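# Observations on the three-dimensional arrangement
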Amino acid sequence: MSEVAFRFDPLPPVSALFILGLAYYEQRRHDDALRLLERATARFPESPFIHALLAATFAQLGRLTEAARERDAVLRFNPFFDAATFGSRFQNPAHRAYLVEGVRKAGFN
């Protein structure tokens, strides 16, 4: 649904980009998540949540240098970012665990 909506609204809000990026990430569609999130960071460069999800995506792809760059961006905007609570709103523990796995691979504690 979000993919179709973006055809009609080329400038969606940051929350919509995050949600679609998160959906791609959780479906293990990392390349799709990467393309979307890189565009999202260009448009919303100060969004720590977009950078955190991008860091997790890079980490899951084994691109640890890029993951560290995104981790550093998150910490500039939110020095108290906590990997354990990122994604805590997920009701499915497997989804939360996969997200936490990615941000930990990116170097968050």
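Quick note: structure is the one above.
Model, not experiment: these values are computed from the prediction. (Residues numbered from 1 in each chain as written. Predicted model: local features only at pLDDT ≥ 70, side-chain atom pairs only at ≥ 80, totals over all residues. Heavy atoms only, no water.)

## Quick word on the packing of aromatic side chains
How we decide: Any pair of Phe, Tyr and Trp rings, taking the six-membered ring for Trp, is counted once the centres come within 6.5 Å. Such a pair is stacked with planes under 30 degrees apart, edge-to-face with planes over 60 apart, and tilted for the rest. The helix count covers DSSP runs of H or I at least four residues long, the strand count covers runs of E at least two residues long, and both are numbered beginning at the N terminus. Each residue gets one of three labels from its accessible area relative to the maximum for its type: buried under 20%, exposed over 50%, partly exposed in between, using a 1.4 Å probe on protein chains only.
Applying the stated criterion across every chain yields a total of six aromatic pairs. Summarising the aromatic geometry, the rings of Phe-18 and Phe-86 are spaced 6.4 Å apart at their centres and angled 65° between planes, so their arrangement reads as edge-to-face. Placement of Phe-18 in helix α2 (residues 14-26) and of Phe-86 in the loop between α5 (64-77) and α6 (93-105) is noted, with a sequence separation of 68 residues between them. For Phe-86, a relative accessible area of 6% corresponds to the buried category.

## Thoughts on unusual backbone geometry
Despite not being glycine, Arg-28 shows a phi value in the positive range, around 65°. Turning to its location among the elements, Arg-28 is positioned in the loop between α2 and α3 (30-43). Owing to a relative accessible area of 47%, Arg-28 belongs among the partly exposed residues under this scheme.

## Re the packing of α2 against α6
For clarity, the cut-off: Fitting a line to C-alpha atoms yields each axis, with helices limited to the stretch in contact; the angle taken between N-to-C directions then spans 0 to 180 degrees. Each angle gets one of four labels, with under 35 degrees taken as roughly parallel, over 145 as roughly antiparallel, 65 to 115 as roughly perpendicular, and the rest as oblique. What makes two residues a contact is simply this: any of their non-hydrogen atoms within 4.5 Å. Polarity classes work like this: nonpolar for Ala, Val, Leu, Ile, Met, Phe, Trp, Tyr, Cys and Pro, charged for Asp, Glu, Lys and Arg, and polar for all others, with Gly in that last group.
Following both chains from N to C, one finds α2 and α6 inclined at 95°, their axes separated by 10 Å at the closest point. In terms of orientation, α2 lies roughly perpendicular with respect to α6. Taken together, the residues of α6 that come into contact with α2 (itself represented by Leu-22, Tyr-25 and Glu-26) are His-95, Tyr-98, Leu-99 and Gly-102. Residues that form the contact of α2 with α6 fall into these classes: four nonpolar, two polar and one charged.

## Let's talk about the environment of Phe-18
Each C-alpha atom of the pair Phe-18 and His-51 lies 9.7 Å from the other, and the pair is 33 residues apart in sequence. Beyond its immediate stretch of four places on either side in the chain, Phe-18 contacts Phe-49, Ile-50, Leu-53 and Phe-86.

## Topic: the pattern of salt bridges
Convention followed: The term salt bridge refers to a side-chain nitrogen of Lys or Arg lying within 4 Å of a carboxyl oxygen of Asp or Glu.
Inspection of the entire model under this criterion finds six salt bridges. Salt-bridge contacts for Glu-66 lead to Arg-63; the nearest nitrogen and oxygen are separated by 3.1 Å. Between Lys-105 and Glu-101 there is a salt bridge whose closest N-O contact spans 3.4 Å. With a gap of four residues between them, Lys-105 and Glu-101 both fall in helix α6, about one helical turn apart.

## Quick notes on the packing of helix α4 (residues 48-60) against α5
We apply this condition: Whether a crossing is left-handed or right-handed is set by the direction in which the near helix is turned from the far one by less than a right angle, anticlockwise for left-handed and clockwise for right-handed.
It is the contact of α4 with α5, at a shortest axis distance of 8 Å, that shows an interaxial angle of 160°. Judged by the angle between their axes, α4 and α5 are roughly antiparallel. Crossing of α4 against α5: the hand is left-handed. On the side of α4, the interface is formed by Pro-48, His-51, Ala-52, Leu-54, Ala-55, Phe-58 and Ala-59, while α5 contributes Leu-64, Glu-66, Ala-67, Arg-69, Glu-70, Arg-71, Ala-73, Val-74 and Phe-77. Split into classes, the residues belonging to the contact of α4 with α5 amount to 11 nonpolar, one polar and four charged.

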